[in-house]
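Breakdown of the fold
Now for the letters of each chain:
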Amino acid sequence: MRLIIMGPPGAGKGTQAKFIAEHFKIPAISTGDIFRANVSEGTELGLEAKRYMDAGEYVPDEVTNLMVRNRIDDPDAVSGFLLDGYPRTLAQVEELDGMIKFTGHSLDAVVCLTVDQDEIVARLLQRAQVEGRADDTEDVIRNRQRVYLEQTEPLISVYQERGIVHEIDGLGEVAEVTARIFEALDIIPES
Ligand code: ADP
């Protein structure tokens, strides 16, 4: 299974990614989590990424692509993976296509979580209090939403043309949303 979960910041991608990954016994690969781990470890990659993350901007494609390429080469990702937060730009879509094609597989599905903008801001501000993320202030949240709409939302139609997008209503209880995702995904044959 090679899956992507997409949706605006705060749509609940990370939460749902964990359940999907457990269900299909594949790793959930979150570029945001990998960047944050690098920031807290003070690595060179972390130092580079931090400037962009703090402003709600995207980390440059070359940096992100290389990081993902290395991660999906890890042994635990050989039989499949779920990407959370990647691809976010058209250049990343093309790069990912190349990586998957190289292994002789194909992308099975793209789960798109849909949610209301105002609901999202409320969720993110709450998360800021709980997790203390530096990029969860209202200004930065609004910037992340703007960047998402400009750069990432257009990718959905690219995958729609391939017929692999499953739009899932992201509003409601976490378990309800998970059930909707499983219902959509369980019918996909493994490749
Ligand atoms: P959210 O889901 O709330 O947008 P993430 O945890 O996925 O947040 O990402 C946090 C930040 O990490 C992004 O705002 C961006 O700066 C950086 N980032 C994550 N994934 C990518 C990516 N694929 N390309 C560029 N930057 C990324």
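Keep in mind the model is a prediction, meaning the values are calculated, not measured. (Residues numbered from 1 in each chain as written. Predicted model: local features only at pLDDT ≥ 70, side-chain atom pairs only at ≥ 80, totals over all residues. Heavy atoms only, no water.)

Section: the site of the ligand
Close to the ligand lie 19 residues, the nearest being T31, E57, G85, R88 and R144. T31 has a polar side-chain atom sitting 2.7 Å from a nitrogen atom of the ligand. Within the contact set of the ligand, a nitrogen atom lies 2.8 Å away from a backbone nitrogen or oxygen of G85. Relative to its free-state accessible area of 550 Å², the ligand is covered by the protein chains to the extent of 96%. The biggest single contributor to the shell around the ligand is helix α2 (residues 31–41), with four residues. Of the residues belonging to the shell around the ligand, the class tally is six nonpolar, five polar and eight charged. (Near = heavy atom within 4 Å. Polar contact = N/O pair within 3.5 Å; in protein donor to acceptor, adjacent residues only side chain to side chain. Areas by Shrake-Rupley, 256 points an atom, 1.4 Å probe, with all protein chains shown as cover. Helix = DSSP H or I, 4+ residues; strand = E, 2+ residues; numbered from the N terminus. Nonpolar A, V, L, I, M, F, W, Y, C, P; charged D, E, K, R; others polar.)

Examining the pattern of salt bridges
Within this structure, the stated rule accounts for 11 salt bridges. Linking E176 and R180 is a salt bridge whose minimum nitrogen-to-oxygen distance equals 3.2 Å. Of this pair, E176 and R180 both sit in helix α8 (residues 174–185), four residues apart, which is roughly one turn of that helix. Accessibility expressed as a relative area gives 25% for R180, which makes it partly exposed. When salt bridges with common partners are traced through the structure, they connect R71, D74 and D76 into a single cluster. (Salt bridge = Lys/Arg side-chain N within 4 Å of Asp/Glu carboxyl O. Buried < 20%, exposed > 50% of the residue type's maximum accessible area, 1.4 Å probe, protein only.)

Here we look at the UniProt feature "binding site: ATP" (unreviewed entry) in the protein chain
Here, the residues flagged by UniProt with the feature "binding site: ATP" (unreviewed entry) are G10, A11, G12, K13, G14, T15, R127 and G172. Of note, K13 is situated in helix α1 (residues 13–24). Relative accessible area serves as the criterion here: at 11%, K13 is assigned to the buried category. K13 has contacts with I5, M6, G7, P8, D84 and L113, leaving out every residue within four places of it along the chain. Mapped onto the elements of the fold, G172 is located in the loop between β5 (165–169) and α8. (UniProt positions renumbered as here; feature names shortened; annotations may be inferred. Contact = heavy atoms within 4.5 Å.)

Let's talk about the environment of V140
Its place among the elements puts V140 in helix α7 (residues 138–161). Relative accessible area serves as the criterion here: at 12%, V140 is assigned to the buried category. Separated by 83 residues in the primary sequence, V140 and E57 have C-alpha atoms spaced 8.8 Å apart. When neighbours within four sequence positions are excluded, V140 is seen to be in contact with M53, D54, A55, G56 and D135.

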